[in-house]
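Next come the chains, spelled out residue by residue.
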Amino acid sequence: MSILIRNVYVVDGSGSPGFYGEVLVAGGKIAGVTGYGRAGQADGAAARIIGGAISAEGHGDDGGRACDEWAGGMDRAGSAMPYGDITEVHDGEGLVCCPGFIDTHSHCDLFALTEGDLLPKLMQGVTTDVLGQDGISMAPLPRALAPMWRENLSVIDGDSDGIDWGYETIENYLGMLENAKPALNTAYLAPHGNLRMAVMGLEPRKATAQEIERMCALLREGMEAGCFGLSTGLIYLPCDYADTAELVALCKVVAAYGGVFSIHQRSEGDDILASMDEVLAIGAQSGVHIHFAHFKVCGAKNQGLVPLMLRKLDRARENGIRVTFDQYPYPYGSTMLRVCLPPWMLEGGPREAQKRLKDPGMRKRAKHDIENGIPGWDNLVDCSGFGGIFLTGVAQAASRPATQAGTWDESLESATWDESGESATCDESQESAVSGVDGEGPEPGDQGHDHGGAGGQTQGHDHGGADGQTQGHGQGGADSQTQEHGQGGAGGQPQGHDHGGADGQTQGHGQGGPASWLAGCVGKSLEEIAAMRGTDCHTALFDVLEAGECAVGMVDFYGTEEMVRALFGREEMNVCTDGLLVGRPHPRAYGSFARVFERYALGANPHVLQPAGPDPAGEGSERYALGANPQGGDEGHASGKAGAGHMARGSGVKDFLGDPHGGAGRLPLEAVVHKCTGKAAQSMGFADRGLIRAGMAADLVLLDLETIHENSSFEDPCRYPDGIRAVMVNGEWAVRGGTFTGARAGQLLRRPAAPAAHRLAVG
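Cut-off values and rules
- Residues numbered from 1 in each chain as written.
- Predicted model: local features only at pLDDT ≥ 70, side-chain atom pairs only at ≥ 80, totals over all residues.
- Heavy atoms only, no water.
- Helix = DSSP H or I, 4+ residues; strand = E, 2+ residues; numbered from the N terminus.
- Buried < 20%, exposed > 50% of the residue type's maximum accessible area, 1.4 Å probe, protein only.
- Contact = heavy atoms within 4.5 Å.
- Areas by Shrake-Rupley, 256 points an atom, 1.4 Å probe, with all protein chains shown as cover.
- Disulfide = S-S within 2.5 Å.
- Salt bridge = Lys/Arg side-chain N within 4 Å of Asp/Glu carboxyl O.
- Pairing = 2+ DSSP bridges.
- Phe/Tyr/Trp six-rings, centres within 6.5 Å; stacked < 30°, edge-to-face > 60°.
- Lys NZ or Arg CZ within 6 Å of the ring centre and 35° of its normal.
- Axes fitted to C-alpha atoms, helices over the stretch in contact; angles between N-to-C directions.
- 1 Å grid on protein atoms, 1.4 Å probe; cavity = no way out; pocket = protein on both sides within 12 Å on 5 of 7 lines; lining within 4 Å.
- Points joined across faces, edges and corners; volume = space filled by probe spheres on them.
- Nonpolar A, V, L, I, M, F, W, Y, C, P; charged D, E, K, R; others polar.
- Polar contact = N/O pair within 3.5 Å; in protein donor to acceptor, adjacent residues only side chain to side chain.
- Expected span 1.5 Å × (residues − 1).
- Bend = angle between axes of the 7 residues up to and from the residue.
- pLDDT = per-residue confidence, 0-100.
- Core = buried A, V, L, I, M, F, W, Y, C linked by side-chain atoms within 4.5 Å.
- Parallel < 35°, antiparallel > 145°, perpendicular 65-115°, else oblique.

**Student:** Explanation requested: the overall build of the chain in the structure shown.
**Tutor:** Each helix and strand counted, the chain has 20 helices and 24 strands in total. With 763 residues in all, the chain has 63% of them scored as buried. Pairs at least 24 apart in sequence give 74% of the contacts found in the chain among residues at least 6 apart. If you sum the accessible surface of the chain, you get close to 25,000 Å²; carbon and sulfur atoms cover 47% of it.

Take a look at the structure:
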């Protein structure tokens, strides 16, 4: 079968200028690409192929390079393709055709087996998921340790009795992925935590030389089976017990295979600079390609460290260390609530932590450590405040991905920093730490929180949709039933399994479940839960974890939009979701890729961010004109009320922000596509994905820049975006007209045994 996609604006994923043309797909591969001589018209003008990248007369820049005329020219019927029988012609007039998006940080490790449609990813244009992240994943998994490890995984990947957990090895797990045939392509990173657990359990100590060698042997097996590299998460057990020497030894194995080392570093807060030094030293000593997972810095007081972080990246490049990173486009994250506990509370795993939570003496000690900190520990309560940490679900009630969520309480406005720029905290009387904050909400249409920067200017929460209109919730609950697959919901409403009960609260599955009161806490902050229960915030944290058996998810508000934009503009960066699909997810799981086009691509839908100029909300500010101060000064301190949509900036931020591309911090469309496709493929070592070139896999997305819009929000996260009109995976339409076709043409990608002959030559 051959498919001709005509009349599209082709953005090939390399970062090169786009062109109007058409793409021919045959046998699951891209068979040919050509450009039109005049925008949108096949009029007989010659198209050109330049070094494998296609350009058209007047629609590309050949820079004087040698080129060859396209063999065959254009026929009078209007097609530039010289081929014979074409099974289908797809007219994509008005749409952008680009490579399928690659999510380099995904947590669909179990869902790829049990919920293989993976619609939260597919409907936003993702065609490849990289699994095995943060050092905590499915394999290797010794049979005897499977019950314990399932508990540890449940908050991140969910749990299921629908698979055989006796697979044990990476090779067997990869075989299960192949047999499951999910709708997306999948690739795997060997998880450090699994390797360590298989050798020495969860023991909180350094590994011996013999144990490190056994880990290396397991890692070699994984690389031979097709893993693309190694991952670790140095805030999660048992990864956090490893020292630098252990990581260097493992990374030498990865480097020998040409793989990547994806790392959630030890600190993304106060100690981030020292943490980066450790990571870059690992790269220097092992020769491995370093890939910082979800690169960021947490906490209002730490936002001024961003320039120093970027200088370290510059020096690493100068010293020959290969460094890339991925980032989701939000200033708030999602993980396991138990990481808010001091590390000693988690030793031995969730069951041991559960025992400690029942001990009043242990609780008192933990409260002291949360209030005062521990050297080297990322204290997420300090970074986000109790008012900025929200429950997303309890693993016992979330064995499958959520597809419909209840509304979040309107008091989400409380998840802000106080005017001193420090994180909001909850005192023993449960009074809000953010009362009296003088700040405007984010721009109309923003769905989520924007926090103040170092200057401390707080941004309120806006529940409005486009043009500031309030969105109805009407989801979850007895009065709002979800739809089964294939029926399609209005406004991007997802279809699938309903995990909502009355009032949208998550329900258990008849397993006894957590304490009944805990279901009513989903979507609320720890500060709100403390008020509901008439207790202090520390006790609320401990009670929630005890009742939920430490299997509780959270969203935490830690950063600023300026930080996101500063990192987004770096050449090392590619887009990811880091989406957890259990419980009530972070909106990044459904909306990350639509969001980056809507917010950061020149020429895309302007209803969230406008080019610098008069504010359409009537405030008269220059919306997100980075490097400009709404108060007229240079430093951006919160000395007055910011206009709608503005983020306050503190001293030093202006040194690394700015807008070299014009358009209020946006990048050219080609650069944004590159970060979602070619750059991501290069970061992970995929040789046949991420570009629209003859011979590459036919993973394609047709998107409408005029309607691209992230519908998922903090209040209503499980909504598919607008503007993703069609998605092709390995030559088969998985989405057409914005509707899932039912096709599951994904493939398991395995790292080539030998260096690939065709490596991506993109920067």
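**Student:** How should I be thinking about the state of the cysteines in this particular structure?
**Tutor:** Simply put, the disulfide is a covalent bond whose two ends are the sulfur atoms of two cysteines. According to the stated counting rule, one finds 0 disulfides in the structure shown. Of all cysteine sulfurs in the structure, the one in cysteine 383 sits closest to cysteine 298, which takes part in no disulfide; the separation is 5.1 Å. Given the relative accessible area of 4%, cysteine 298 is considered buried. With no disulfide partner, cysteine 676 has as its closest neighbouring cysteine sulfur the one in cysteine 98, 7.7 Å distant.

**Student:** Even after reading the chapter, I still don't get the pattern of salt bridges, so can you show me in this structure?
**Tutor:** By the definition in use, this model includes 36 salt bridges. For the salt bridge of arginine 750 with glutamate 171, the shortest nitrogen-to-oxygen distance reads 3.4 Å. Here arginine 750, found in the segment after strand S24 (739-740), pairs with glutamate 171, found in helix H4 (residues 170-180); they are 579 residues apart in sequence, far enough to count as distant. Here glutamate 171 falls in the partly exposed class, since its relative accessible area comes to 38%. For glutamate 203, the salt bridge is made with arginine 205, and the minimal N-O distance between the two is 2.6 Å. The exposure class of glutamate 203 is partly exposed, given its relative accessible area of 36%.

**Student:** Please explain the sheet that holds strand S16 (residues 323-327) as it appears in this structure.
**Tutor:** Whether parallel or antiparallel, the strands of a sheet pair through hydrogen bonds between backbone atoms. Spatially, 6 strands are ordered S12-S13-S14-S15-S16-S20 in an open sheet, and the strand pairing comes out parallel. The open sheet has two free edges, formed respectively by strand S12 (190-191) and strand S20 (573-575), since each of these has just one partner strand. Sheet analysis places S12 next to strand S13 (residues 229-233), joined by 2 bridges and oriented parallel. Its bridge partner lying in S13, proline 191 is registered against serine 231.

**Student:** Sorry if this is basic, but what is going on with the packing of aromatic side chains here?
**Tutor:** We describe a pair of aromatic rings using the distance from one ring centre to the other and the angle between the two ring planes. This structure, assessed with the given rule, holds 17 aromatic pairs. Taken together, a centroid distance of 5.6 Å and an interplanar angle of 75° make the contact between phenylalanine 390 and phenylalanine 557 edge-to-face. One end of the pair, phenylalanine 390, is in strand S18 (residues 389-394); the other, phenylalanine 557, is in strand S19 (residues 552-557), and 167 residues separate them in sequence. Across the pair, exposure class does not vary: phenylalanine 390 and phenylalanine 557 are buried alike. Taking the centre distance of 4.9 Å and the plane angle of 65° together, the rings of phenylalanine 557 and phenylalanine 714 count as edge-to-face. With a gap of 157 residues between them, phenylalanine 557 in strand S19 and phenylalanine 714 in the loop between strand S21 (700-703) and strand S22 (724-729) connect regions that are remote in the sequence. The exposure classification of phenylalanine 557 matches that of phenylalanine 714, with both residues buried. A network of ring pairs unites the aromatic residues Tyr330, Tyr332, Phe390, Phe557 and Phe714 as a single cluster. Its guanidinium or amino end placed over the ring of tryptophan 344, arginine 365 lies 3.7 Å from that ring's centre, counting from NZ or CZ.

**Student:** In this structure, what is going on with the environment of alanine 366? I would like to understand it.
**Tutor:** Take alanine 366: it is sitting in helix H12 (residues 360-372). Alanine 366 gets classed as buried once you look at its relative accessible area, which sits at 0%. Sequence separation of alanine 366 and histidine 538 is 172 residues, and the distance between their C-alpha atoms is 8.8 Å. Apart from residues no more than four positions distant in its own chain, alanine 366 is found in contact with Pro342, Trp344, Met345 and Phe542.

**Student:** Looking at this structure, I do not really get the side chain of histidine 291. What am I missing?
**Tutor:** With respect to the element layout, histidine 291 can be found in strand S15 (residues 289-292). Histidine 291 has contacts with Thr104, Val260, Phe261, Ser262, Ile263, Thr324, Phe325, Asp326, Asn574, Ser683 and Met684, leaving out every residue within four places of it along the chain.

**Student:** Is there a simple way to explain the sheet that holds S19 in this structure?
**Tutor:** Pairing in this open sheet of 3 strands is antiparallel, and the strands run S17-S19-S18 from one edge to the other. Edge positions in the open sheet fall to strand S17 (332-336) and S18, since each of these has one partner strand only. In this sheet, adjacent strand axes meet at a mean angle of 25° when their direction is disregarded.

**Student:** Where do I start with unusual backbone geometry in this structure?
**Tutor:** If a residue is not glycine, its phi is most likely negative; likewise, a peptide bond is most likely trans. The peptide bond linking alanine 139 to proline 140 adopts the cis configuration, its omega dihedral lying at 0°. Mapping proline 140 onto the fold places it in the loop between strand S10 (126-131) and helix H3 (146-157). Residue proline 238 is reached from leucine 237 by a cis peptide bond, and omega for that bond is 0°. Within the secondary structure, proline 238 is located in the loop between S13 and helix H7 (244-256). The phi angle at glutamate 549 is positive, at roughly 55°, despite the residue not being glycine. Locating glutamate 549 in the fold gives a position in the loop between helix H16 (537-547) and S19. In this structure glutamate 549 comes out as partly exposed when scored by relative accessible area, which is 43%.

**Student:** Just checking my understanding: could you explain empty space enclosed by the protein for this structure?
**Tutor:** In this approach the atoms are scanned with a rolling probe the size of a water molecule, which exposes any empty space left behind. By the definition in use, this model includes 9 cavities of 30 Å³ or more. For the largest cavity, the calculated volume is near 220 Å³. Forming the walls of the largest cavity are 21 residues, and the residues nearest its centre are Tyr236, His264, Lys296, Ser334 and Thr335. Of the residues forming the lining of the largest cavity, the biggest block, 3 residues, is contributed by S17. Grouping the constituent residues of the lining of the largest cavity by class yields 8 nonpolar, 6 polar and 7 charged.

**Student:** Is there a simple way to think about the side chain of aspartate 103 in this case?
**Tutor:** Take aspartate 103: it is sitting in strand S9 (residues 101-103). At 3.1 Å, the side chain of aspartate 103 and the backbone nitrogen of histidine 105 are in polar contact.

**Student:** How do you make sense of helix H18 (residues 588-600) when you look at a structure like this?
**Tutor:** Note on helix geometry: an α-helix contains 3.6 residues per turn, so any two residues three or four positions apart are oriented the same way. For H18, with 13 residues, the first-to-last C-alpha span of 15 Å runs short of the 18 Å given by 1.5 Å per residue. At alanine 594, H18 is deflected by roughly 40°, the largest bend along its length. For H18, the tally of buried residues reaches 13 of 13 residues, placing the bulk of the element in the interior.

**Student:** Looking at this model, I keep getting lost on the pairing of strand S3 (residues 29-35). Mind explaining?
**Tutor:** The two faces of the sheet receive side chains in turn, since in a regular strand these alternate between them. Burial analysis of S3 places 5 of its 7 residues in the buried class, which makes it a mostly covered element. With 6 bridges connecting them, strand S2 (residues 19-26) and S3 associate as antiparallel partners. In the sheet register, valine 23 faces S3, and the bridge partner there is valine 33. The turn linking S2 back onto S3 is made up of 2 residues, and glycine 27 within it adopts a positive phi angle of 60°.

**Student:** Sorry if this is basic, but what is going on with the confidence of the model for the chain here?
**Tutor:** Interpreting fine coordinate detail is not advised for predicted regions of low pLDDT. Mean pLDDT over the chain stands at 76; residues scoring 70 or higher make up 69%. In this model residues 397-513 is a low-confidence stretch, pLDDT under 50, and it forms 332 contacts with partners more than four residues away in sequence or in other chains. Scored below 50 in pLDDT, residues 606-663 makes 140 contacts in the model with residues more than four places away or belonging to other chains.

**Student:** What am I meant to see in the nonpolar core here?
**Tutor:** Taken as a class, soluble globular proteins show a tendency for nonpolar side chains to be buried jointly. Counting residues in hydrophobic clusters, the biggest one holds 165 residues, and the most contacted among them are Phe292, Leu337 and Phe597. When neighbours within four sequence positions are excluded, phenylalanine 292 is seen to be in contact with Ile263, Gln265, Met276, Val279, Leu280, Leu313, Val323, Thr324, Phe325 and Asp326. In this structure, Ile5, Val25, Ile692 and Ala726 belong to the second largest nonpolar core, which totals 20 residues.

**Student:** Is there a simple way to think about the packing of helix H15 (residues 526-533) against H16 in this case?
**Tutor:** The geometry of a pair of packed helices is captured by two quantities: the angle between their axes and the separation between those axes. At a minimum axis distance of 8 Å, the contact between H15 and H16 shows a crossing angle of 95°. Relative to H16, the element H15 lies roughly perpendicular. Contacts between H15 and H16 involve Leu526, Glu527, Ile529, Ala530 and Arg533 from the former and Cys537, Ala540, Leu541, Asp543 and Val544 from the latter. Across the contact of H15 with H16, the residue classes break down as 7 nonpolar, no polar and 3 charged.

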